[in-house]
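Geometric and topological summary
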Amino acid sequence: MRFPRFRDPVAASTRRRLRLSRHVALLLPVLLSLSLGLVAVGGPRAHAASAATGCSASYAVQSQWSGGLVGSVTVTNTGASALTAWTVTFTFGGDQKVTSAWGASLTQSIAYVTATNASYDGSVAVGASTSFGFQGTWSTSDAVPASLTCTPSSTVTPAVVTNATSLPVMQRFTGTFGVALSAAPISNVTVTVSRTSGSSGLSVGSGASLTFTPANWNAVQNVGIAADSASTGPATFTVASTGYTSATVTLTEVASTAPPQLHVSGNHLADAVGNQVILHGMNRSGAEYACVQGWGFFDGPVDEASILAMKSWSHVSAVRVPVNEACWNTESYVKPAFAGTNYINAVKSYISLLNANGLVVILDLHWTDGLYTGTSSGCSSPQATCQKPMPDAAQAIPFWTSVASTFKGNNAVIFDLFNEPYASRATGDTTSGWQCWRSGGTCAGIGYQVAGMQAMVNAVRSTGAANVLLLGGEEYSNDLSQWLTYEPTDPDGNLVASWHSYSFNTCSTQSCWTSQVAPVIAKVPVIVGEMGESDCGGSYMNTLTSWLATESTGYLAWTWDAWGSCPNVLITDYAGDPTPFGAAYKAILQALPS
């Protein structure tokens, strides 16, 4: 997909700041002591909780927008005597981060917020109310707190806080959650983590004893809970320290499921015993751009919970993971923290977790090096920061040699050799474009040596890897008209045609599918590696997938990312809540036969 990933500099910068804000919210408190007046209470979303000690607090969202909100909390004296001070505590339901406040002093540690009265509004008569407000940011969710606690005092017992209360963990893997304190201690504090009930198959692998100092009380420290290879079920872990309210986290060990080991049989994919396999799923974008932009490995969570959210849509059997050759190859312009071994291990871990959940992974070479400023250029940089017309031989060949060596023997990983070729737009005509597609080398209009499909097939097979190879056609993988003519040779006979189909593509009608795509399906397996439509509906996908069903051809939609938009974006958050476009695709998946 070209458009959602190529974000303009201002928008991209804003999103990077929001992502950084999200990570900072997990590591730093927001200490605010602004006394700028009171806020009237109102708004459509509110939650109230009463405390038996003399006051209650209610939360309301005054206004919200993509990435931001204004909230207020009303404190009411429910006791029999006047209040002289009050403290309100609550835990955000999403990833909100307070940026400014008025009418109270606020501290935030992870999602836990403590608010104490300002100098002028601590006194509240019986039955009367006061309020404070705040402005904040959010990235994936601004869900309201489940409850609020009001204490008629300027101090409350500090708490141990965590960034999760429940967490699934796959057999043989490790579940991780973060721990911090709600307030600064006078001296060093030791927090211990222990299993207090449930399955003995889960145990503390790291972080059983954590030390917080007055200087780092709000810096999140991680606890790793290791799962054995055979048990299933929940276990509760208590996170405690003397003088602090403890926290509990329940982890549930989930059985792993082996994905099919794939090969090509005639014109379809088959498992190890010859059963036909038709893949359905989604793309998980992020690893192609986060690393080269210098702020992470992925965009959003890649843990067990996020994978289970994908699977909850029904009949999901594959996930396509776009990656970046410069990050994998440790090129000098990529920050070392997100390059080489660090990047490779992050990708390997995610693929292992997807496989353990029974999912086939399509590993896609998405962004590559090479200076190209010709027709349809995505950027003017020689670096791997956008889609190029073809991959560069200097980096793509060693990339695929390394990737094939890494995943050799795991045939539940398919290699998508290059995302969306458009060599014909650079060379100037269809014939020379397809010749460049297959043979690479010196191609008209492209100022670098091209890695052709044949050379990349050879690179993979030179390692002994027999993985299925996915080859996208011309015109951003939408044109398969010459795929059979220029099909590379493969000693293992494991080549599959990749087709991308969007409502705005040239080949977007059933007559084109019948004349151009069906003949390829008759000869070799075809997988729709990406599909979508330019509106927020599902009419194009409904028509397309109905036709694909008649051809016994699988497909993956673009994309499982909470980007805050709708066209070609499936979800609004990583719990799997769909956009209108996503709802249409979810219905398609749920209608598939079991």
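Everything below is about the structure shown above.
In this report, we go over the structure that sits alongside the text. (Residues numbered from 1 in each chain as written. Predicted model: local features only at pLDDT ≥ 70, side-chain atom pairs only at ≥ 80, totals over all residues. Heavy atoms only, no water.)

Turning our attention to the packing of aromatic side chains. The geometry of two aromatic rings is summed up by the distance between their centres and the angle between their planes. Taken as a whole and judged by the stated rule, the model has 25 aromatic pairs. Centre to centre, the rings of Phe399 and Trp400 are 4.9 Å apart; their planes meet at 75°, and the pair counts as edge-to-face. Using a relative accessible area of 0% as the deciding quantity, one classes Trp400 as buried. Linked through ring pairs, Tyr289, Trp295, Trp367, Trp558 and Trp563 together constitute an aromatic cluster. (Phe/Tyr/Trp six-rings, centres within 6.5 Å; stacked < 30°, edge-to-face > 60°. Buried < 20%, exposed > 50% of the residue type's maximum accessible area, 1.4 Å probe, protein only.)

Moving on, we come to the side chain of Ser424. By the element assignment, Ser424 lies in helix H7 (residues 423-427). Judged by its relative accessible area of 12%, Ser424 falls in the buried class. When sequence neighbours within four positions are dropped, the list of residues in contact with Ser424 reads Asp429, Thr430, Gly433, Trp434, Glu474 and Glu475. (Helix = DSSP H or I, 4+ residues; strand = E, 2+ residues; numbered from the N terminus. Contact = heavy atoms within 4.5 Å.)

It is worth spelling out helix H13 (residues 580-590) at this point. Note that an α-helix has 3.6 residues per turn; residues three or four places apart therefore point the same way. Within the sequence span of H13, burial applies to Phe581, Gly582, Ala584, Tyr585, Ile588 and Leu589. Around the axis of H13, the buried residues are gathered within 160° of arc, so they sit on the same side. Structurally, H13 contributes buried residues whose contacts are with strand E23 (280-283), strand E29 (526-532), helix H12 (539-550) and strand E30 (554-557). (Arc of directions from axis to C-beta.)

Right, let's get into the packing of helix H6 (residues 393-407) against helix H9 (residues 453-461). Interhelical geometry of H6 versus H9 gives an angle of 35° and a closest axis separation of 8 Å. Seen along the crossing, H6 lies across H9 with a hand that is right-handed. Taken together, the residues of H9 that come into contact with H6 (itself represented by Ala396, Ile397, Trp400, Thr401 and Ala404) are Ala455, Met456, Ala459 and Val460. (Axes fitted to C-alpha atoms, helices over the stretch in contact; angles between N-to-C directions. Left-handed = near helix turned anticlockwise from the far one by under 90°.)

One pass over the structure, following the stated rule, counts six disulfides. Sulfur-sulfur distance for the disulfide between Cys436 and Cys443 comes to 2.1 Å. What sets the handedness of the Cys436 and Cys443 disulfide is the S-S torsion sign, and at about 100° it is right-handed. Cys443 shares its class with Cys436; the two are buried. Disulfide partner of Cys507: Cys512, at an S-S distance of 2.0 Å. On the S-S bond that ties Cys507 to Cys512, the torsion sits near -115°, and the link is left-handed. Neither Cys507 nor Cys512 differs from the other in exposure class; each is buried. In the protein chain, numbering the disulfide-bonded cysteines from first to last in sequence yields the connectivity 1-2, 3-4, 5-6, 7-8, 9-10, 11-12. (Disulfide = S-S within 2.5 Å.)

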